[in-house]
Amino acid sequence: MLEGAATLARGENIAGKIGKGVEDGRELLEEFITEVIERRNYEAADQLIEKGLRSNGPLYSLGWHLAGIIEAGEGSRAVGKYQVLGPAEFFIRAGEIAEASGEDLFSGNADRAIEELKEKLARRQGSPFR
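Owing to the predicted nature of the structure, the values given are computational and were not obtained by experimental measurement. (Residues numbered from 1 in each chain as written. Predicted model: local features only at pLDDT ≥ 70, side-chain atom pairs only at ≥ 80, totals over all residues. Heavy atoms only, no water.)

1. Observations regarding the side chain of His65
Within the secondary structure layout, His65 lies in helix 5 (residues 58–74). We classify His65 as buried; its relative accessible area is 19%. Polar contacts involving the side chain of His65 include one to the side chain of Glu103, which spans 2.9 Å. Leave out the neighbours within four places in its chain, and His65 touches Val22, Arg26, Glu103 and Leu105. (Helix = DSSP H or I, 4+ residues; strand = E, 2+ residues; numbered from the N terminus. Buried < 20%, exposed > 50% of the residue type's maximum accessible area, 1.4 Å probe, protein only. Polar contact = N/O pair within 3.5 Å; in protein donor to acceptor, adjacent residues only side chain to side chain. Contact = heavy atoms within 4.5 Å.)

In structure tokens, the structure reads:
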């Protein structure tokens, strides 16, 4: 979310550079959900995140795509607004905007995991996500 939105904010058009990056980012998100969340293989988390960020990896592409969806749907200020609300809100809003335009952004598995993250963050005492 952060690096992709920063790339968008810089005005850098990486559409031609990302190639399969967005799809690879979605697949990496799915792998993270399966491996770390469902199988509770917490040791894999750092490795998967590093894989996604190394050399402007697929998580940059996915973040750029999500930020672009929000910007196209609600304007550039909305990108910052949803960043402040946190990654779950950012991903959820991008998914809602994409769905309204006919793009299936995330699998049901990812949608559920993101919603669960939002709920867990909301339950944390002092959380701004209530």
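From this point, the discussion proceeds with the structure in view.
2. Details of the layout of surface pockets
To locate leftover empty space, one rolls a probe as large as a water molecule over the atoms. Quantified by volume, the largest pocket comes out at close to 860 Å³. Every residue lining the largest pocket is counted, 26 residues in all, and those nearest its centre are Leu29, Phe32, Ile37, Phe91 and Leu117. At the level of elements, helix 1 (2–9), helix 3 (21–38), helix 4 (43–53), helix 5, helix 7 (87–100) and helix 8 (108–123) are the ones that each hand at least two residues to the lining of the largest pocket. The leading source of residues in the lining of the largest pocket is helix 3, at six residues. Within the lining of the largest pocket, the residues separate by chemical class into 21 nonpolar, one polar and four charged. (1 Å grid on protein atoms, 1.4 Å probe; cavity = no way out; pocket = protein on both sides within 12 Å on 5 of 7 lines; lining within 4 Å. Points joined across faces, edges and corners; volume = space filled by probe spheres on them. Nonpolar A, V, L, I, M, F, W, Y, C, P; charged D, E, K, R; others polar.)

3. Concerning the packing of helix 1 against helix 5
Orientation of helix 1 relative to helix 5, taken along the N-to-C sense of each, is 60 degrees, at an axis distance of 7 Å. Classed by the angle they form, the pair helix 1 and helix 5 counts as oblique. Relative to helix 5, helix 1 is oriented so that their crossing is right-handed. Where helix 1 abuts helix 5, its residues Glu3, Gly4, Ala5, Thr7 and Leu8 lie against Tyr60, Gly63, Trp64, Ala67, Gly68 and Glu71. Here the residues of the contact of helix 1 with helix 5 are counted per class, giving five nonpolar, four polar and two charged. (Axes fitted to C-alpha atoms, helices over the stretch in contact; angles between N-to-C directions. Parallel < 35°, antiparallel > 145°, perpendicular 65-115°, else oblique. Left-handed = near helix turned anticlockwise from the far one by under 90°.)

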